[in-house]
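Chain residues, written in single-letter form:
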Amino acid sequence: MTNEPLRPDDHLPTTGSPFGEPILRSEDDRLLRGRGRYIANIRYDGQLAVAFVRSPVAHAQIVSVDVSGARAAPGVVDVATGADPDFVGLALVASSALPNHVSTPQPVLAADKVRYQGEAVAAVVASTAAQAADAAELVEVTYRDLPPHVDAVAAAADPTPPVHDVAPDNLIVTRTFDAGDVDAALAASDVVVERCYRTNRHGATPIEGRGVVAVWEHHRSRLTLHATSQVPYLHRNALAQALGVPDSAVRMVVGDVGGGFGIKAALYPEDAAVSRLAQRLGLPVGWVESRSEHMTTALHARDHHYTVRAGFAADGTMTALDAVLHANVGAYSAPPWTAGIETLMAGGLLTGPYKLSHYRCKVLGVATNTTPTGPYRGVARPATVFVMERLLDDAANELGIDPVDLRRHNLVAPADVPYTAATRLVHDSRTYLDCLEGAVELIDYAGFRAAQHQAAEHRAAQHKAAEHKDRGTAKAQRACGIGFACYNELTGLGQKASAGPRLPFRTGHESAQVRIDPSGAITAALGVTSQGQGLETTMAQVVAAELGVGVEQVTVELGDTDRLSFGMGAFASRQGVIGSGAATLAARAVRTKVLVVAAHLLEAEPEWLSIDCGLVHTQDAPSVGVTLADVAHVAYFEPHRLPPGLEPGLEAMRFYDPMTGTFAAGAQAAVVAVDLETGDVELQRIVCVEDTGRMINPMVVEGQMHGAIAQGVGGALHEHFVYDADGQLLAGSFVDYLAITADRMPSIELGHITDPAHNLNQVRGAGEGGTLGPYAAIANAVCDALAPLGITIDELPLSPARVHAALAAARRQRR
């Protein structure tokens, strides 16, 4: 394990392959100088702006929509409603072949009924965004209120009136994961722990919100849509279906994106509405959401309620787990991932990196009158890790076993691999225990326990002295605690691993095209996209390593569906695993052809040749040879000099599919100090040890881990989309929604394990793992700190208000 931080002067490539070097990100020069091209920078001559009229209520029938005032407003070009012929029937549909999934078509503009606060009912097009916003205020909508559903458990227990008539029980997706004999195993257990756990609804809140600019070319009957999409090819297909045109009639272009984290992997009604408006007006139309629109209408996540029973033997062996999950999926099953993305992921991965034969988990995706939910960095697993790790700490307390020892006893060990989990997923990671031991060492567990014991004795002595002198002089104190979390992240899902949700597509493959042009310049076009992960750098490193050139000689192109025929995009920590695999195969094919041509020119055999710094040479004469530019010139302009039967050109397109996924192991530890008067939780330390496999760029990997951990900390301590009983969002701006900021983060301490994965480049995904541990590690640390007071907290976030309420309740019980 290594835990030395990278230093700025380390970021220069050493001799040899650039694969594995902490090279500075090439895109940062452009972005830091303000030369990025984000969605708000896209401007066409004559471009119009859209403002949406949104429902102020959570559940209601639409009685009437009067747009006459808006049509007469200055600068207004068009006003659309759901009753317009161009919008009637225009809806987004999330499809799944699962028998217990209910499709809930989401109208682009609601016409008959609204199902959550913020749902669009009209769109106003004007010359400027200000004029459109002003005119939108003049649209008068009359609603007939219906009783709203906000809580998932309550909505399933009493579904009247249902959110959707097609789902009268409010259940959008259901499934039971079942293995072994859970009831018998629980009956035979020495200890059965029963708990309810709840995680908080929150979201990604990237620095750049959503936006689209649509251009319809009448002479070609073709749409160009600039968007902030993570999956432009999937969105092209879904948008083409919604608009009733072939895929070839839609071009998606994704420029620089200021963060995605999953929420930009969904197709939204606004995307289709702006496209339809451009189509019917024949003019460029754009929309960039406001922050309040983002908070109200961009996908939320993590609103889960778990009821669990777990059995343990006296020696700490986990014998059985029985769980019921109510996942609040919001008002619609959102395309393309459906309402099953969190629900099914939770059921499939709740057991985490632990050995367990007897497992049952009933998952219920419940429709409510809240913003639809969908993918957010880590997809369900921060919640499942929270449940599993809190459960282990609770069990350790009842068994009288150290919580670290209980984890050691139950983790999948190297001798168990390959280990088939109760949900039939196959674990390929041998390093769960290594990660835990690394975290124990980094956090100095033994040292902390000794200091904690000493501090407790000191507090007790102080308190006794204060009581003896004067009860009023006892000062508020802080209690410190430590917590651990072990997890696994299923990364780079191949087609077999992605089959579970039964979507109309499999996400296992990715594409890349590598070309050396006649001048010798190298271009790599890839189907993956970047939202700030540094892919222009890391994919250039992969291609450069294969072609024997410097990273600066490779230009990476991303995000244009006209540039590359097909790709899958960015999600599920797949770019490093699958994207790099496609880039490697394409570059390798070009390299093979380069060596064949060069061998013919040098009157040598291809296997005698090497490529270094763009020079193709024999191994025994490294300074004599032909350059890549020489080879390219022949390949394009002098086909008579090519070997007989060899086609001109130097380019190749390849797909890569690892077929299965690869697990990335991880462990985190947190130290907190809890103010016993105010309930404030100070995160003093957080350490993370992950098995990242072979790293393409260690600096980029660490950046991904830092960002993921910070988002996990935000979810554990601060971030919460709160609704009132009427379905009104009470945290609709950063005034009320406390997003994580740098000043609330301690220095993040990292350790790395680099056990090669079983895929082409031996890499494991590193984009999401960091989010999985903070909920559990911090919650366990808080409960450890408060254990002497008999306090345990099983609901997130661990806000001062929640902790203070628990402290107050404990004081009342002691009186």
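Residues take numbers from 1 onward in each chain, read along the sequence in its written order. This being a predicted model, a pLDDT of at least 70 is required before a residue's local features are given, and a value of 80 or more before pairs of side-chain atoms are given or counted; all residues contribute to the totals for chains, interfaces and linings. Based on all heavy atoms of the structure, the side-chain values leave hydrogens and waters out of the count.

### Examining the overall build of the chain
The way it works is that DSSP assigns letters per residue, a run of H or I at least four long becomes a helix, a run of E at least two long becomes a strand, and they are numbered from the N terminus. Scanning the chain from N- to C-terminus turns up 20 helices and 30 strands. For a compact globule of 815 residues, the expected C-alpha radius of gyration is about 28 Å, and the chain comes in at 28 Å, within 12% of that figure. Overall, the chain is about 100 × 75 × 55 Å in size when its C-alpha atoms are taken along their principal axes. Relative accessibility decides the category of a residue: with a 1.4 Å probe and only protein chains considered, values under 20% of the type maximum give buried, values over 50% give exposed, and everything between is partly exposed. Out of the 815 residues belonging to the chain, those deemed buried represent 60%. Once local pairs closer than 6 in sequence are excluded, the contacts in the chain between residues at least 24 apart make up 79%. We get accessible surface area from the Shrake-Rupley algorithm with a probe of 1.4 Å; when it comes to residues, only the shown protein chains can shield them. If you sum the accessible surface of the chain, you get close to 30,800 Å²; carbon and sulfur atoms cover 52% of it. Two residue types count as positive, namely Lys and Arg, and two as negative, namely Asp and Glu; His and chain ends fall outside the count. In this description, the location of a charge corresponds to atom NZ of lysine, CZ of arginine, CG of aspartate or CD of glutamate. Of note, the chain has its 64 positive side-chain charges centred 2 Å away from the centre of its 91 negative side-chain charges. Based on C-alpha atoms, the radius of gyration is set beside the globule rule, defined as 2.2 Å times the residue count to the power 0.38. Residues count as neighbours in contact if any of their non-hydrogen atoms are within 4.5 Å of one another.

### Observations regarding the environment of Asp630
Looking at the element boundaries, Asp630 is found in helix α16 (residues 628-637). Spatially, the C-alpha atoms of Asp630 and Ser519 are 8.2 Å apart, while their sequence positions differ by 111 residues. Polar contact is the term for a pair of N or O atoms within 3.5 Å; when the atoms are in protein, one must be able to donate a hydrogen and the other to accept it, and sequence-neighboring residues count only if both atoms are side-chain atoms. One polar contact links the side chain of Asp630 to the main-chain amide nitrogen of Thr627, over a distance of 3.0 Å.

### With respect to the environment of Gly118
Position of Gly118 relative to the elements: it lies in the loop between β6 (113-114) and β7 (120-126). In this structure the C-alpha to C-alpha distance between Gly118 and Thr296, which are 178 residues apart in sequence, comes to 5.9 Å. Non-local contacts of Gly118, meaning those with residues more than four positions away in its chain, are made with Arg54, Ser55, Thr296 and Thr297.

### What about the nonpolar core?
For the purposes of this section, nonpolar cores are sets of buried Ala, Val, Leu, Ile, Met, Phe, Trp, Tyr and Cys residues that join through side-chain atoms within 4.5 Å. In this structure, Leu321, Trp337, Phe484, Val713, Ile778, Leu786 and Leu798 are the most contacted members of the largest nonpolar core, which totals 116 residues. The element best represented in this core is helix α10 (residues 381-399), accounting for 10 residues. The contacts of Leu321, once residues within four sequence positions are left out, are Val182, Val308, Arg309, Ala310, Leu350, Thr351, Leu356, His358, Tyr359, Arg360, Met388 and Leu391. Core analysis: the second largest hydrophobic core is formed by 49 residues, Phe19, Ala540, Leu609 and Tyr656 among them.

### So, helix α14 (residues 535-547)
The end-to-end C-alpha separation of α14 is 18 Å, in line with the 18 Å expected for 13 residues at 1.5 Å each. With respect to burial, α14 is a largely interior element, 11 of its 13 residues being buried. Buried residues of α14: Leu535, Thr537, Thr538, Met539, Ala540, Gln541, Val542, Val543, Ala544, Glu546 and Leu547, and no others. Of the residues one or two after α14, Gly548 is the one with positive phi, at around 70 degrees. For a helix, the expected span equals 1.5 Å multiplied by the residue count minus one.

### A word on the side chain of Thr373
Counting through the fold element by element, Thr373 comes out in the loop between β17 (359-367) and α10. Those residues in contact with Thr373 that sit more than four places away from it in its chain are Arg201, Leu299, His300, Ala301, Asn328, Val329, Gly330, Ala334 and Glu342.

### A short note on the sheet that holds strand β28 (residues 662-675)
Pairs of strands are assigned from DSSP output, requiring at least two bridges between the strands. An order of β20-β28-β29-β30 is seen for the four strands of this open sheet, with the pairing classed as mixed. Strand pairing shows two members of the sheet lacking a second neighbour, β20 (478-491) and β30 (748-753), which therefore form its edges. Recorded for the sheet is a direction-independent mean angle of 15 degrees between the axes of neighbouring strands. Note that β20 and β28 share 14 bridges and pair antiparallel. Across the sheet, residue Cys486 finds its bridge partner in β28, namely Ala667. Against the sheet, helix α17 (residues 698-717) engages β28, β29 (681-691) and β30, with an angle of about 130 degrees to β30. Orientation is described by lines fitted to C-alpha atoms, with helices fitted over the stretch in contact, and by angles between N-to-C directions that extend from 0 to 180 degrees.

### Notes on unusual backbone geometry
Put simply, Thr160 and Pro161 share a cis peptide bond, and its omega is -15 degrees. With respect to the helices and strands, Pro161 occurs in the loop between α4 (152-157) and β9 (171-179). Backbone torsion omega between Val417 and Pro418 reads 0 degrees, so that peptide bond is classified as cis. With respect to the element layout, Pro418 can be found in the loop between α11 (403-410) and β18 (419-420). The backbone phi angle of Glu603 is positive, close to 55 degrees, even though this residue is not glycine. Positive phi outside glycine occurs at Gln762, with the angle close to 60 degrees. One can find Gln762 in the loop between β30 and α18 (769-772).

### Quick look at the packing of aromatic side chains
The criterion for an aromatic pair is that two Phe, Tyr or Trp rings (for Trp, the six-membered ring) have centres within 6.5 Å, with stacked assigned to planes under 30 degrees apart, edge-to-face to planes over 60 apart and tilted to the rest. Under the defined criterion, the tally for this structure stands at eight aromatic pairs. The interplanar angle of 55 degrees and the centroid separation of 5.7 Å between the aromatic rings of Tyr233 and Phe566 together place this pair among those described as tilted. Taken as a pair, Tyr233 in helix α6 (residues 232-243) and Phe566 in the loop between β23 (554-558) and α15 (575-602) lie far apart in primary sequence, 333 residues in all. On the basis of relative accessible area, Tyr233 is assigned to the buried category, the value being 2%. Site record: aromatic cluster; members linked through ring pairs are Trp337, Phe505 and Phe571. Only lysine NZ and arginine CZ atoms are considered, and such an atom sits over a ring when it is within 6 Å of the ring centre and within 35 degrees of the ring normal. Above the face of the Tyr268 ring, Arg210 is positioned so that its terminal group lies 4.1 Å from the ring centre. For Arg694, the ring lying beneath its charged end belongs to Phe19, and the centroid distance is 3.7 Å.

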